[in-house]
Amino acid sequence: MSRRSPEPSVLTQPGGSVGLLDVFRRRYLLSLIVRKEIQIRYRGSVLGWLWSYVKPLVQFVVFFLAIGVFLGMNGRVEFFPIYLLAGNTIITFFNEAFSNGTRSLIDNAALIKKIYLPREMFPVSSMLIAAVNTLPQIVVVLIIAMIFGWAPTLLHIGALLLALVIIALLATGLGLLFGAINVTFRDAQSFVEIIVMCAVWASPVMYQWEMVANQVPHWLFVLYRLNPLTVAVELFHYGVWYPLDPQGGQVLPGLLAYSGVAVVVSLTFLLVGQLVFRRLEGRFAQDL
Amino acid sequence: MTEPSVVVDEVHKDFKLRHTHSIKETFLAAVRRKPLTTDFHALDGVSFSIAQGEAVALLGFNGSGKSTMLKLISGVLSPDSGAVRTRGRVAGLIEVGAGFHPDLSGRENIFLNAAILGMTKRETEERFDDIVAFSEIEKFIDTEVKHYSSGMFLRLAFSVAIHTEVDVLLIDEILSVGDEPFQQKCLARIRQLHDAGKTLVVVSHDLDMVSNLCGRGILLREGNVAFDGDSKRAVELMRQ
């Protein structure tokens, strides 16, 4: 398989790429890059991948004690630790994919400066690596939920998958956009840190959407729901927490419609990210 | 002459040298009326064409634009104006080992680096034994690369690069690799590739070696083609 045209009889432009499509044309390389990162993550550690399960478990205990018991949320929201952990899992996926995607081009500067590759490879692989790292967390949440009697229908599972797709698209798009800008202006990196910090509060992870709806005017609540993160978090709540039949648990009004909007918004970010990336790509090798 | 493998047509490449790297610096420079950027013409209208199977040396002193030219042919950089066209697969032995990861074993690095250079899994598997044999590090192939000596590391990296399936091979400073016997082996391998009809574009400061290896020399001077013809003559001109 050739990098570009497999046809040796035509003259082609070196480094001419068709963007994201090229990344999937070279999915063997993509799979190796993802596998490499996953392999080296816990290299030299005794417990290895067990850490990926320990971390969310510890988080569960901390949330249960600090926010559930001390702040009294356990009394207000039934199965609150599961509620929290479910939302936190999807937000962690977004944060890791987005911030690593933003830094991915700089981290791979040595390669970008020397060998031609479709550069979209790096933000895309960051997203996939984050997805793989999120899997153990999802497993932990689901096992805990099962202990409390989680019995999902296909619709609940579908909601979880849709949330993952929304975040994957959104984080890739944003990763392309800010990653490309970050090559020339490292400010992007700091800006992204702020977005990531706000992400967990801009969506109903630590609180319930009703608390927002009761405090803000209607138009602001519409805006709140237009945020794909809110939708993804609520889809996770719908898939993990809602099947436990929590007392007073309500699905976000218009969740289905807003899910559609979230897909469209995420795709738009992906498109914008790709366009900006292609525009700036020509300067990568000399700016890094 | 057969059809060209590489066509370079009126290529210009400027680098903007930015003198400021933050808003504060930019602001201060603007206040003091210092220039924010300086243009540096790395290539200033270069044209040539390389036929299939030819071995061409790019000659010139430091800063003459040789490496920039190689990067344009490999696609890492794109020209500001003019055009570069290539036929078939192009791979560069430009700074071998760029895609190596110290925490992976030699074996894993071979697969990763071969994939970066554009090879498929099958192609790599077919050549795997050759790559290992050429690098002479059979015993350490499952050891992490960070435990390699620098010589072993370079031998493995070079071995992967030189076994990639290509039509056009770009070579930058080959003879910085390994000890004398290994260098001779590399050179022999490169000659072999040339005999098999591969196109070679070579950049090196070892003028004798390069004029022996390549029949044709293109002498670059300050971003222009100063001479294009017999490589021995090009070297003479350069030494004047």
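Residues numbered from 1 in each chain as written. Chains lettered and ligands numbered in written order. Predicted model: local features only at pLDDT ≥ 70, side-chain atom pairs only at ≥ 80, totals over all residues.

**With respect to the interface of chain B and chain A**
Taken together, the contact pairs 33 residues of chain B with 26 residues of chain A. For the side of chain B that touches chain A, the elements supplying multiple residues, two or more each, are β1 (4-18), α2 (66-74), β4 (81-87), β5 (90-93) and α3 (106-116) of chain B. Its residues placed into classes, the side of chain B that touches chain A shows 15 nonpolar, ten polar and eight charged. (Contact = placed C-beta atoms within 7 Å. Helix = DSSP H or I, 4+ residues; strand = E, 2+ residues; numbered from the N terminus. Nonpolar A, V, L, I, M, F, W, Y, C, P; charged D, E, K, R; others polar.)

**Considering the confidence of the model for chain B**
All names here are of chain B. Here chain B averages 86 in pLDDT, and 96% of its residues register 70 or above. Averaged pLDDT values over the elements of chain B bottom out at 79 in β5 and peak at 93 in helix α4 (residues 121-135). Reported confidence for the predicted complex is 0.84 by ipTM and 0.89 by pTM. (pLDDT = per-residue confidence, 0-100.)

**A closer look at the UniProt feature "domain: ABC transmembrane type-2" (unreviewed entry) in chain A**
Those places that UniProt annotates as "domain: ABC transmembrane type-2" (unreviewed entry) correspond, in this numbering, to residues 47-280 of chain A. From the first C-alpha to the last, residues 47-280 of chain A spans 42 Å; its make-up is 79% helix and 0% strand. (UniProt positions renumbered as here; feature names shortened; annotations may be inferred.)

**A short note on the UniProt feature "transmembrane region" (unreviewed entry) in chain A**
The sites that carry the UniProt feature "transmembrane region" (unreviewed entry) are, in the present numbering, residues 46-73, 79-98, 128-151, 157-179, 191-209 and 255-277 of chain A. This span, residues 46-73 of chain A, is 79% helix and 0% strand, and a straight line between its end C-alpha atoms measures 36 Å.

**Describing unusual backbone geometry**
Residue and element names in this part refer to chain A. In this structure, Phe 79 takes a positive phi of about 55° despite not being glycine. Assignment of secondary structure puts Phe 79 in the loop between α4 (73-76) and α5 (80-107). Here the phi dihedral of Asp 245 falls at roughly 55°; this positive angle occurs in a residue that is not glycine. Take Asp 245: it is sitting in the loop between α12 (228-241) and α13 (255-281). Judged by local crowding, Asp 245 falls into the exposed class, with 11 C-beta atoms found within 10 Å. (Buried ≥ 20, exposed ≤ 12 C-beta atoms within 10 Å, placed from the backbone.)

**Remarks on the packing of α5 of chain A against helix α7 (residues 121-147) of chain A**
Residues and elements named next belong to chain A. Contact geometry for α5 and α7: axes closest at 8 Å, N-to-C directions at 165°. Taken together, α5 and α7 sit at an angle that is classed as roughly antiparallel. The handedness of the crossing between α5 and α7 comes out as right-handed. Classifying every residue of the contact of α5 with α7 by side-chain character gives 15 nonpolar, nine polar and one charged. (Axes fitted to C-alpha atoms, helices over the stretch in contact; angles between N-to-C directions. Parallel < 35°, antiparallel > 145°, perpendicular 65-115°, else oblique. Left-handed = near helix turned anticlockwise from the far one by under 90°.)

**Details of the nonpolar core**
Among the nonpolar cores identified, the biggest contains 139 residues, and Ala 163, Ile 167 and Ala 232 of chain A together with Leu 58, Val 201 and Val 202 of chain B are the most heavily contacted of them. A per-element tally of this core places helix α8 (residues 154-184) of chain A first, with 18 residues. Look past the residues within four positions of Leu 58 of chain B in its chain and what remains in contact with it is Lys 66, Met 69, Leu 70, Val 201, Val 202, Val 203, Ile 218 and Leu 220 of chain B. (Core = buried A, V, L, I, M, F, W, Y, C linked by C-beta atoms within 7 Å.)

**Overview of the sheet that holds strand β3 (residues 55-59) of chain B**
All names here are of chain B. Strand order in the open sheet made by the six strands is β5-β6-β7-β3-β8-β9, with mixed pairing throughout. At either margin of the open sheet sits one strand with a lone partner, and together these are β5 and β9 (224-230). Geometrically, the sheet is characterised by an average inter-axis angle of 20° between neighbouring strands, direction not taken into account. (Pairing = 2+ DSSP bridges.)

**Examining the sheet that holds β4 of chain B**
Consider a sheet: its strands pair through backbone hydrogen bonds, and that pairing is either parallel or antiparallel. Pairing within the open sheet is antiparallel, and its four strands lie in the order β1(A)-β4(B)-β1(B)-β2(B). Across the chains shown, the open sheet's two edge strands, defined by having one partner strand only, are β1 (11-12) of chain A together with β2 (37-51) of chain B. Sheet analysis places β1 of chain B next to β2 of chain B, joined by twelve bridges and oriented antiparallel. By the bridge assignment for β2 of chain B, Val 8 of chain B is matched with Phe 48 of chain B.

**Focus: the packing of helix α2 (residues 27-41) of chain A against α3 of chain B**
The N-to-C vectors of α2 of chain A and α3 of chain B enclose an angle of 140°; their axes lie 9 Å apart at closest approach. Considering their axes alone, α2 of chain A and α3 of chain B lie oblique with respect to each other. As for the relative orientation of α2 of chain A and α3 of chain B, their crossing is left-handed in sense. Along its contact with α2 of chain A, which presents Tyr 28, Leu 29, Leu 32 and Lys 36 of chain A, the element α3 of chain B presents Phe 111, Leu 112, Ala 115 and Ile 116 of chain B.

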